[in-house]
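# Observations on the model geometry
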Amino acid sequence: MTSVFKTAKTAEIDRAKLVEYSVPVLLTVYIFAQPFHYLTAVEEVGIYLAFFVSVYLILAKKIEFTFDTPLSLPFALFALWALIGIAFAINKPNSIHDFYAHLLKYYVLFFLVFNFFRTRDKFLALALIITVSFTVFSLWGMVCVYGVEGKKLFADRFTNPAFLPYRTYIHVFGAITAISFFCSETAISRKSFFALCIFVDVLAIFLSQTRSAIIALTAALYLLLIVKRKYKQIVLITVLLLAVVYFSPVKARFLDEREYTVRIANYYLYSAIIRDYPIKGIGFGMQTYQDPGLNIDSYNKYVPEKIRVSPPILSPHNTFLDIAARLGLIGLGLYVLIIFMSLKMLFVVIRNRADPFLREWGFCLCANFLAFFIQAMFTETSFGVQALTQYLLFAMIAILWKIGKDGREDMMSKGEK
């Protein structure tokens, strides 16, 4: 009889483990499907199922779910301020929708990733999932645009309704993560695989002709090379980059004065909106810029006539301006607090000279962090693949920080014994 109970208990444990393992699988489905606008249903199934399964596991006390990260409080304060702002929003329905769809949903992603990939092996699995998924997306896109649609390689930009410049967040994140794998691997077969991933993602970046992405990738590479003291490679990369830019259509993008003029006009325009709504902002909803209640055309008079764009561009094209306009200066301050706490965690991770794993991957995330916020200076990051990469980045930083913290606590407990 005892053996029967033991067998039943073992089977119950096995089922619980199987259910627990399903969450990382569902998150993998979500990460892979999110950039593909054709796979919206698959994406939704992945994130919602992962959420409900994790809630079941928490209520059944099958897992230990933690919010032990320095980002928890800044996240909560930022969300609370966004929620309060709905009461004063110009477009309340859109603010309610975006509060759920473009904030709470990504908080769910962050905490699920943080809890279910919170070991060294699972962190490496997450980094590999990101590398492979983002590279597949880059390759699939190039095949569609230059193969199926018949656009000319290098002559035509890698962009269409399915592949907006925002997708370069995917290419840059994938390239930097692949570079980290490439540097840490010793087997020729695996090195070759990650070299292929790097080539695909970097090619996608240059074919997109997106200046912010090229600058972001270059800055991230310089950071990694400086950390590893590869000064000769910095010279080589610089020469190669200048040659590629000079002899490709990208050169025209960098020399297009109108592009810079439009950016400056945007700064004038949205700074004027911030001056009128300095505390509460216009509301969290991103469609508020188009709302008649805001009357964005009336703010165009603050833009110098020489650089004025008519009609005005209905987005700031800058993350910090965007948040300041929608949530006021208090909201911007809370977002800067999130960034500060992330950098503080990264600093703790890379200071750990005794643990090469944490240090190496810490520098990888430093490079990704730098690249992300360089791009964020030229786009909004509260939705789409930008938000996906942002919250994956935050989660990976939190995981490394947690691994380091748990390791220090284990060493202290052993010392006491």
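Here the structure is shown first, and the text comes after it.
In short, a report on the structure. It should be emphasised that the depicted structure is a prediction, and the values quoted were computed from it without experimental measurement. (Residues numbered from 1 in each chain as written. Predicted model: local features only at pLDDT ≥ 70, side-chain atom pairs only at ≥ 80, totals over all residues. Heavy atoms only, no water.)

Another aspect to go through is the pattern of salt bridges. Throughout the structure, instances matching the rule amount to seven salt bridges. Ionic pairing is found between Lys402 and Asp68, a salt bridge with its closest N-O pair at 2.7 Å. With Lys402 in helix α14 (residues 384-416) and Asp68 in the loop between α2 (40-59) and α3 (72-86), this residue pair connects regions lying 334 residues apart in the sequence. The exposure class of Lys402 is buried, given its relative accessible area of 9%. The partner of Asp68 in a salt bridge is Lys405, and the shortest N-O contact between them spans 2.8 Å. (Salt bridge = Lys/Arg side-chain N within 4 Å of Asp/Glu carboxyl O. Helix = DSSP H or I, 4+ residues; strand = E, 2+ residues; numbered from the N terminus. Buried < 20%, exposed > 50% of the residue type's maximum accessible area, 1.4 Å probe, protein only.)

A separate point is the side chain of Thr389. Within the secondary structure layout, Thr389 lies in helix α14. The class of Thr389 is buried, set by a relative accessible area of 1%. Thr389 has contacts with Phe134, Tyr169, Ile170, Phe173 and Phe372, leaving out every residue within four places of it along the chain. (Contact = heavy atoms within 4.5 Å.)

For the pair helix α5 (residues 120-148) and helix α13 (residues 356-376), the least separation of the axes is 13 Å and the interaxial angle reads 30°. Classed by the angle they form, the pair α5 and α13 counts as roughly parallel. Seen along the crossing, α5 lies across α13 with a hand that is left-handed. Contact residues: Arg120, Phe123, Leu124 and Ala127 in α5; Phe357, Trp361 and Leu365 in α13. Partitioned by chemical class, the residues of the contact of α5 with α13 number six nonpolar, no polar and one charged. (Axes fitted to C-alpha atoms, helices over the stretch in contact; angles between N-to-C directions. Parallel < 35°, antiparallel > 145°, perpendicular 65-115°, else oblique. Left-handed = near helix turned anticlockwise from the far one by under 90°. Nonpolar A, V, L, I, M, F, W, Y, C, P; charged D, E, K, R; others polar.)

Looking now at the packing of aromatic side chains. Under the counting rule described, the total for this entry stands at 32 aromatic pairs. With a centroid separation of 6.2 Å and an interplanar angle of 50°, the aromatic rings of Phe78 and Tyr335 are classed as tilted. Taken together, the positions of Phe78 in helix α3 and Tyr335 in helix α12 (residues 319-350) put the pair 257 residues apart, joining distant regions of the chain. With respect to class, Phe78 is no different from Tyr335; both count as buried. Note on Phe320 and Tyr335: the rings are 5.9 Å apart at their centroids and 65° apart in plane angle, and the pair reads as edge-to-face. Residue classification places Tyr335 among the buried positions, given a relative accessible area of 4%. (Phe/Tyr/Trp six-rings, centres within 6.5 Å; stacked < 30°, edge-to-face > 60°.)

Turning our eyes to something else, we now look at the environment of Ile279. Topologically, Ile279 is positioned in the loop between α11 (257-276) and α12. The class for Ile279 is partly exposed, based on a relative accessible area of 48%. On a C-alpha basis, the gap between Ile279 and Ala325 in space is 9.4 Å, while along the polypeptide they are 46 residues apart. Beyond its immediate sequence surroundings of up to four residues, Ile279 is in contact with Trp81, Leu327, Gly328, Leu329 and Ile330.

The residue after Ser310, namely Pro311, is reached through a cis peptide bond having omega -5°. You can see Pro311 is positioned in the loop between α11 and α12. A positive phi angle is found at Lys61, which is not glycine, with a value near 60°. Considering the arrangement of structural elements, one finds Lys61 in the loop between α2 and α3. Positive phi, normally seen in glycine, also occurs at Arg229, with a value near 60°. Position of Arg229 relative to the elements: it lies in the loop between α8 (211-227) and α9 (231-246). Residue Arg229 is classed as exposed on the basis of its relative accessible area, which comes to 65%.

A word on α9. The end-to-end C-alpha distance of α9 is 23 Å, a good match for the 22 Å that 16 residues give at a rise of 1.5 Å each. Taken together, the buried positions of α9 are occupied by Ile234, Leu241 and Val245. Angularly, the buried residues of α9 cover 35° about the axis, an arc narrow enough to put them on a single face. Exposed and facing more than 90 degrees away from the buried side of α9 are Lys232, Val235, Leu236, Val239 and Leu240. (Expected span 1.5 Å × (residues − 1). Arc of directions from axis to C-beta.)

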